[in-house]
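A look at the structure
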Amino acid sequence: MVDAQIAVRPIIGLEIHVQLLTRSKMFCGCPVRFDDPPNSLVCPVCMGLPGALPVINRRAVELTILTGLAFGGTIATHTKWDRKSYYYPDLPKNYQISQFDLPLVSNGHLDVDVGHGEHRVRIRRAHLEEDAGKNVHDVGGHTLVDLNRAGTPLLEIVTEPDLRSAEEACALCTGLHRLVTYLGVSEGNMKKGQMRFEPNVNVAIEHDGVEYRTPISEIKNLNSFRAARDAIDFEIDRQVAAWHEDHSYVLGSAPNENRGFDADRGVTEFQRDKEAAQDYRYFPDPDLVPVNVSDAMLNEIRQSLPELPDARTARWVKDHSLSVEDAATVVGHRATADLFDAVISAGGPPAIVIKQFVNVWLSHAKQRGVTIGDLGIDPERMAELAQIVADGTISKTAADRVAEIMLARNRFDAGTEDASDTVTPSVARTLPTTKANNAARCPSPLALAKELRLLQVRDTAATDVWIDEVFAANEQAVQDAMTNPKKRKAAAGFLRGQVMKKSQGKADPKLVGELIDKRLTGSA
Amino acid sequence: MTTLDEHTVRHVAKLARLKLSDEEVRAFQEQLTAIMDHFALLDEVDTTGVEPTAHALAIDNVLRDDVVQAPLPTEQTLRNTPARHGDHFQVPKVLNQESS
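This write-up is about the structure you can find in this document. Keep in mind it's a predicted model, so treat the numbers as computed, not measured. (Residues numbered from 1 in each chain as written. Chains lettered and ligands numbered in written order. Predicted model: local features only at pLDDT ≥ 70, side-chain atom pairs only at ≥ 80, totals over all residues. Heavy atoms only, no water.)

1. A closer look at the nonpolar core
So the rule is basically this: Think of a nonpolar core as a cluster: buried Ala, Val, Leu, Ile, Met, Phe, Trp, Tyr and Cys residues, connected wherever their side-chain atoms sit within 4.5 Å. The rule is simple: take the accessible area with a 1.4 Å probe, protein chains only, and divide by the maximum for that residue type; under 20% is buried, over 50% is exposed, in between is partly exposed. A run of DSSP states H or I qualifies as a helix once it reaches four residues; a run of E qualifies as a strand once it reaches two. Both are numbered from the N-terminal end. A contact between two residues is defined here by any heavy atoms of the two lying within 4.5 Å.
With 85 residues, the main nonpolar core has I56, I65 and W81 of chain A as its most contacted residues. Here this core gets 9 residues from one element, more than from any other, and that element is helix 2 (residues 166–183) of chain A. Contact partners of I56 of chain A, with chain neighbours within four places excluded, come to M26, F27, V61, W81, L288, V289 and V291 of chain A together with V62, L63 and R64 of chain B. Judged by nonpolar contacts, the second largest core, of 38 residues, contains F340, I372, I394 and M406 of chain A.

In structure tokens:
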């Protein structure tokens, strides 16, 4: 379809809505919750009754400023609130309260990297607004309206059209998701629609020395990273194909469009020609007075800005010689990253601590549907477990077993070892988490290793006994290892693993390897 | 005198979801022109050196703490609606909705 003489350059910008993590709504005290019975979280303000007065939620303003600082934005000293015309019953005031010409944040940037170096994406602005409720369509020929979500605080972030592929756009979305969840400004729960994406897409096509630009499509309301990527990819192809017909599908001759994405069929569909911005007929909201951000307020928020993931990764790579990949698995979740730092401060050798975080603690946490911090193991104990592996007291395999017992004996169980698998996250969070409590209950990994007889055995005679048993039980593997060169390596590896297992991880892997090799070659 | 052209009147009507007859378009063109002219008087005020304002009151930063207050009981929320379906408001079918 695309001939060789044309060069296609996608031009993509994003509008991203982020639901802010507040207890109450943007302009009234109604609780922000998901899945409550319809119209049970509503008051005169968010249902738009005449005479009701909105009042700005301070927390939402603070969270917006915090996010703006994190992406290097300029925080306005003076902002105001505007009404944006809106026609649907899920926002019954007939307008949405938003910020038009004086947003709280302007400028800033985020970097994306999709494998060929970092690319800086400029952010144009970020402003606060209120979410709409929900319309349930087509019920007996009517529309049903639930206003629970109406008035929920939304942060809208708008990028410049600096993105050059669906992959880059997707990377920006995930990067922003990491940032807002790390900052704690949003839960970022995609299933609950807490982050929604609206890409603006067109393409520059170079053909016989002439550059054509297709009309801009705004793809509305995408609620997953995958949908964002697929919709953009589809839209790029669609626009190039439309241009191909007679080269008349270009800006100026064809209108800009709003399009919807059908995730099941993977296609974007025309919704309507895009109205120009002034047609929203923004005007200042007389119900709300301006917000002036004082230096004092700004400084206070700046103080609460944590070390951000990129800076933290760089520090870990430099100070602890971690790989960027390993660091990335831990750095994205702030409490987990804080815990990692605490374990290192407590004397944990970084190279082993990071492996235990990734391979042991993280997988236990995942199994239980919680974060590592929720496991309730002291940083000091985690550090000790890494130390006794580092100094050869126990093997890595034995450390896995010790970790399991630590969890079983710790607060994650309420008396029996098995309880660890049944505890739900919400229960786990209500269990005691104070240090004193943990210290009293969290067993020492070294003591546990001794108790469980997991201390590494470097005794040749004892190791030979395990090898005898394993060789007797796995004659075929022994045969393969000795006679079949193709299978030799795999069979020997299997036998080593079986010996480690038989020893419950106590055997010294190096010694086991030497003794097995000696027997295999010795008898050949 | 600024005359509002017919195109503008039709555009404004479209935005307001109003269907106007040609006769109405002419009538509103006349009336809206008169209204615009009336407000054009404001252009005669010299605002040199006056800072633009978005609000009539000389107050700012009226903020509330992020504290939850009890919402209305659902029955009360729905009390005045002409039609309901369970605990939903029921309204005429919405077509081609575009998100906010």
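2. Details of the pattern of salt bridges
We count it as follows: In the sections that follow, a salt bridge refers to a side-chain nitrogen of Lys or Arg positioned within 4 Å of a carboxyl oxygen of Asp or Glu.
Counted according to the given criterion, the structure contains 41 salt bridges over all chains. Each of E307, R312, R315, D338 and D341 of chain A takes part in one network of salt bridges that share partners.

3. Structural notes on the pairing of strand 6 (residues 95–98) of chain A
All names here are of chain A. To keep it simple, the criterion reads: At least two bridges found by DSSP between two strands are what make those strands a pair.
Both faces of strand 6 are covered, namely the face carrying Y95 and I97 and the face carrying Q96 and S98. Here 4 bridges tie strand 5 (residues 82–85) to strand 6, and the two strands are oriented antiparallel to one another. Opposite K84, over in strand 6, you have Q96 as the bridge partner.

4. Comments concerning the sheet that holds strand 11 (residues 142–146) of chain A
Spatially, the 4 strands line up as an open sheet ordered 10(A)-11(A)-3(B)-2(B), and their pairing is antiparallel. This sheet does not close on itself; its edge strands, each paired only once, are strand 10 (134–139) of chain A together with strand 2 (84–85) of chain B.

5. So, the interface of chain A and chain B
Note the cut-off: What gets called buried area is simply the loss in accessible area from a 1.4 Å probe that two parts show on being joined, summed for both. Polar contacts, as used here, are pairs of N or O atoms within 3.5 Å; protein pairs need one atom able to donate a hydrogen and one able to accept it. Residues neighboring in sequence count only if both atoms are side-chain atoms.
Listed as interface residues are 64 residues of chain A and, on the opposing side, 37 residues of chain B. Across the chain A/chain B interface, buried area totals approximately 4,400 Å², and carbon plus sulfur atoms make up 54% of it. When residues of chain A are sorted by the area they lose upon contact with chain B, R58, Y88 and V289 of chain A head the list and together hold 12% of the total. A salt bridge links R58 of chain A to D65 of chain B, with the nearest nitrogen and oxygen atoms 3.2 Å apart. Here chain A and chain B share 23 residue pairs in polar contact (both at pLDDT 80 or more) between them. Elements represented by at least two residues in the side of chain A that touches chain B include exactly strand 2 (56–57), helix 1 (58–70), strand 10, strand 11, strand 17 (267–273) and strand 19 (291–292) of chain A.

6. Quick look at the packing of helix 9 (residues 379–390) of chain A against helix 10 (residues 396–409) of chain A
Axes are the key here: two packed helices are described by the angle between their axes and the distance separating the axes. All names here are of chain A. Stated formally: Axes here mean lines fitted to C-alpha atoms, for a helix over just the part in contact, with angles spanning 0 to 180 degrees between N-to-C directions. With respect to orientation, any angle under 35 degrees is reported as roughly parallel, any angle over 145 as roughly antiparallel, any angle of 65 to 115 as roughly perpendicular, and every other angle as oblique. Crossings are sorted by hand: turned counterclockwise from the far helix by less than a right angle, the near helix makes the crossing left-handed, and turned clockwise it makes it right-handed. Gly falls in the polar group here, along with every residue not listed as nonpolar (Ala, Val, Leu, Ile, Met, Phe, Trp, Tyr, Cys, Pro) or charged (Asp, Glu, Lys, Arg).
As a packed pair, helix 9 and helix 10 sit with axes 10 Å apart at the nearest point and diverge in direction by 160°. With respect to helix 10, the axis of helix 9 lies roughly antiparallel. At the point where helix 9 passes helix 10, the crossing takes the right-handed sense. In contact with R381, L385 and V389 of helix 9, helix 10 contributes K396, A399, V402, A403 and M406. Of the residues contributing to the contact of helix 9 with helix 10, the split by class is 6 nonpolar, no polar and 2 charged.

7. With respect to the packing of helix 8 (residues 350–367) of chain A against helix 9 of chain A
All names here are of chain A. At their nearest, the axes of helix 8 and helix 9 sit 9 Å apart, and the two run at 110° to each other. Judged by the inter-axis angle, helix 8 sits roughly perpendicular to helix 9. In this structure, helix 8 crosses over helix 9, and the sense of that crossing is right-handed. Here I352, V353, Q356, F357 and W361 of helix 8 lie close against helix 9, whose contacting residues are M382, L385, A386, V389 and A390. Its residues assigned to classes, the contact of helix 8 with helix 9 comprises 9 nonpolar, 1 polar and no charged.

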